[in-house]
Amino acid sequence: MKLVEVIFKGRDKFSKSSAKALRGYFGNFFRNIIEFHNHLDQITFNYKSPSIQYRVIDGNLSILGINEGGDILLKSIDEIKLDEIKLDGIDNKIEEKEIKITFPELEIKDERYDYKFESFWIALNEENYKKYQKGEFSLDNQLRNNILEFFKLSGVQATKRIIAVGEFEENKIIEKDTVILGFTGTFKTNVNLPDLIALGKRKSVGFGIIKRIKVWKLF
């Protein structure tokens, strides 16, 4: 698989909420390229997993392109000049751009990998939220499904059973008078996942980012 990351460094550090403003700017600038905003038209959302995702990593703005999304990002990024990027509600001038291209191996292995969520993991939709409240929904199963979704986005076939077991803590996120349930915590899996990719819902704006803690030789 191929990952392309474009990092924008500002005069000051950006907050994690700046990812939404970054998506808004790029989605509007490249409104004719679906991958930048994931909308088929003004009211119809494209429910395919986003191949271009917006985040804030270590206080820097970051755009991650996965496979085809990475190619689109590389072809398009030079159309935007740093001094032209204006993010709504953010007074922080972007001063530097860096591009990283990597080819990580996405594999299910006979090893154990430990990760933590760097940002809130949005695991539930309205339907499974009700099941979760009744104690009838497994977050571990949902995490495995999220990892499998990343395999599909990456164009890699999962040839073995995915194992994922976590310890999670509930967190309430309030956005525009709406309460969203998110989770923090750690998990262990037998999948060698790339560092700082995102899992779950709303990953296009920086939710569900994971960071590797440790690798064990045997699961």
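Above: the structure in question.
Residues numbered from 1 in each chain as written. Predicted model: local features only at pLDDT ≥ 70, side-chain atom pairs only at ≥ 80, totals over all residues. Heavy atoms only, no water.

Asker: If you had to explain the overall build of the protein chain to someone new, which residues and values would you point to?
Answerer: Of regular secondary structure, the protein chain possesses four helices and eight strands. Going from N to C terminus, the protein chain has its helices and strands arranged as β-α-β-β-α-β-β-α-α-β-β-β. Rg of the C-alpha trace for the protein chain: 18 Å, near the compact-globule value of 17 Å for 219 residues, within the 12% margin. With respect to the principal axes defined by its C-alpha atoms, the protein chain has extents near 50 × 40 × 35 Å. Here the protein chain holds 219 residues, and 47% of them are scored as buried. Considering only contacts within the protein chain whose residues lie at least 6 apart along the sequence, 72% involve residues at least 24 apart. When the accessible surface of the protein chain is split by element, carbon and sulfur atoms take 47% of a total near 12,300 Å². (Helix = DSSP H or I, 4+ residues; strand = E, 2+ residues; numbered from the N terminus. Rg over C-alpha atoms; globule rule 2.2 N^0.38 Å. Buried < 20%, exposed > 50% of the residue type's maximum accessible area, 1.4 Å probe, protein only. Contact = heavy atoms within 4.5 Å. Areas by Shrake-Rupley, 256 points an atom, 1.4 Å probe, with all protein chains shown as cover.)

Asker: Before we move on, could you go through the sheet that holds strand β8 (residues 210-216) and cite the residues and values that matter?
Answerer: With antiparallel pairing, four strands are arranged side by side in an open sheet as β6-β7-β5-β8. Of all strands in the sheet, those bounded by a partner on one side alone are β6 (164-175) and β8. Going across the sheet, the axis of each strand differs from the next one's by a mean of 35°, ignoring polarity. With twelve bridges joining them, β6 and strand β7 (residues 178-192) adopt antiparallel strand pairing. Paired with glutamate 170 across the strands is phenylalanine 183, a residue of β7. Of the strands in this sheet, β5 (107-117), β6 and β7 are in contact with helix α4 (residues 139-154), which crosses β6 at around 90°. (Pairing = 2+ DSSP bridges. Axes fitted to C-alpha atoms, helices over the stretch in contact; angles between N-to-C directions.)

Asker: I'd like to hear about the sheet that holds strand β4 (residues 94-102), residue by residue, with values.
Answerer: One open sheet accounts for four strands, arranged β2-β3-β1-β4; its pairing is antiparallel. One side of each edge strand has no neighbouring strand; the edge strands of this open sheet are β2 (52-57) and β4. With strand direction ignored, the average angle separating the axes of adjacent strands in the sheet is 20°. Across the sheet, helix α2 (residues 68-76) lies against β1 (3-10), β2, β3 (60-66) and β4, angled at about 125° from β3, the strand it touches most.

Asker: Describe a nonpolar patch on the surface, listing the residues and the values that go with them.
Answerer: Among the surface-exposed residues, Ile99, Ile101 and Phe103 lie close enough to one another that they form a single nonpolar patch of about 300 Å² accessible area. Mapped onto the elements of the fold, isoleucine 99 is located in strand β4. (Patch = residues over 30% accessible without salt bridge, like charges linked within 9 Å, V, L, I, M, F, W, Y side chains within 5 Å. Salt bridge = Lys/Arg side-chain N within 4 Å of Asp/Glu carboxyl O.)

Asker: If you had to explain α4 to someone new, which residues and values would you point to?
Answerer: If you check α4, its first and last C-alpha atoms are 23 Å apart, about what 16 residues at 1.5 Å a residue would give, namely 22 Å. Structurally, α4 contributes buried residues whose contacts are with β2, β3, β5, α3 (126-133), β6 and β7. For α4, the N-terminal cap is serine 138; the gap from its side-chain oxygen to the backbone nitrogen of aspartate 140 is 3.4 Å. Backbone geometry just downstream of α4 places glycine 155 in the positive-phi region, at approximately 75°. (Expected span 1.5 Å × (residues − 1). Polar contact = N/O pair within 3.5 Å; in protein donor to acceptor, adjacent residues only side chain to side chain.)

Asker: Just give me the short version of the nonpolar core, but keep the residues and values in it.
Answerer: Residues Ile147 and Leu193 are the most contacted members of the largest nonpolar core, which totals 30 residues. At the level of secondary structure, the elements contributing two or more residues to this core comprise β3, β5, α4 and β7. The biggest single contributor to this core is α4, with six residues. In this view, isoleucine 147 contacts Ile162, Ala164, Thr189, Val191, Leu193 and Leu199; residues no more than four positions away in its chain are not counted. Residues Ala21, Leu22, Phe30 and Val56 belong to the second largest nonpolar core, which totals 23 residues. (Core = buried A, V, L, I, M, F, W, Y, C linked by side-chain atoms within 4.5 Å.)

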